[in-house]
Amino acid sequence: QVQLVESGGGLVQPGGSLRLSCAASGFIFSNYAMRWYRQAPGKERELVAHISQSGGFTKYLDSVKGRFTISRDNAKNTVYLQMNSLKPEDTAVYYCNAYHSVLTNYWGQGTQVTVSS
């Protein structure tokens, strides 16, 4: 069955870094664009970063440009989100999403990122 398993979340001080990973199985990973979303308490889920099937195209939420980097390893069926210069407003549950179409996309269970001193 389809699985997306996120890891790498945790508690970090402002200015710190974290690297999230999302390991995929149960579908042809290289056929799917991959996305990271986040949802903070009381707020709607928002798209943080997108990477194309080959990894040649990426797009970011304006507030994370220059701080976050999305990448993928199709040989390992894994997508990453490197997060640097973290701010308290980055605190949220981060979700991995495999996107093929509106009707065909899969979600991970989420990983908590907390930025606090």
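See the structure printed just above.
Throughout what follows, the structure given in this document is the object of discussion. (Residues numbered from 1 in each chain as written. Predicted model: local features only at pLDDT ≥ 70, side-chain atom pairs only at ≥ 80, totals over all residues. Heavy atoms only, no water.)

**Regarding the environment of serine 117**
1) Next: One can find serine 117 in the segment after β11 (111-115).
2) Next: Relative accessible area serves as the criterion here: at 84%, serine 117 is assigned to the exposed category.
3) Next: As for serine 117 and glutamine 13, which are separated by 104 residues in sequence, their C-alpha atoms are 5.0 Å apart. (Helix = DSSP H or I, 4+ residues; strand = E, 2+ residues; numbered from the N terminus. Buried < 20%, exposed > 50% of the residue type's maximum accessible area, 1.4 Å probe, protein only.)

**Topic: the state of the cysteines**
1) Next: With the rule as written, the count across this model stands at one disulfide.
2) Next: At a sulfur-sulfur separation of 2.1 Å, the disulfide partner of cysteine 22 is cysteine 96. Where cysteine 22 bonds to cysteine 96 through sulfur, the torsion about that S-S bond is close to -80°, and the disulfide is left-handed. Of the two residues, cysteine 22 is situated in strand β3 (residues 18-25) and cysteine 96 in strand β9 (residues 92-99); the sequence distance between them amounts to 74 residues.
3) Next: Here cysteine 22 falls in the buried class, since its relative accessible area comes to 0%.
4) Next: Relative accessible area serves as the criterion here: at 0%, cysteine 96 is assigned to the buried category. (Disulfide = S-S within 2.5 Å.)

In short, geometric facts, not functional conclusions.
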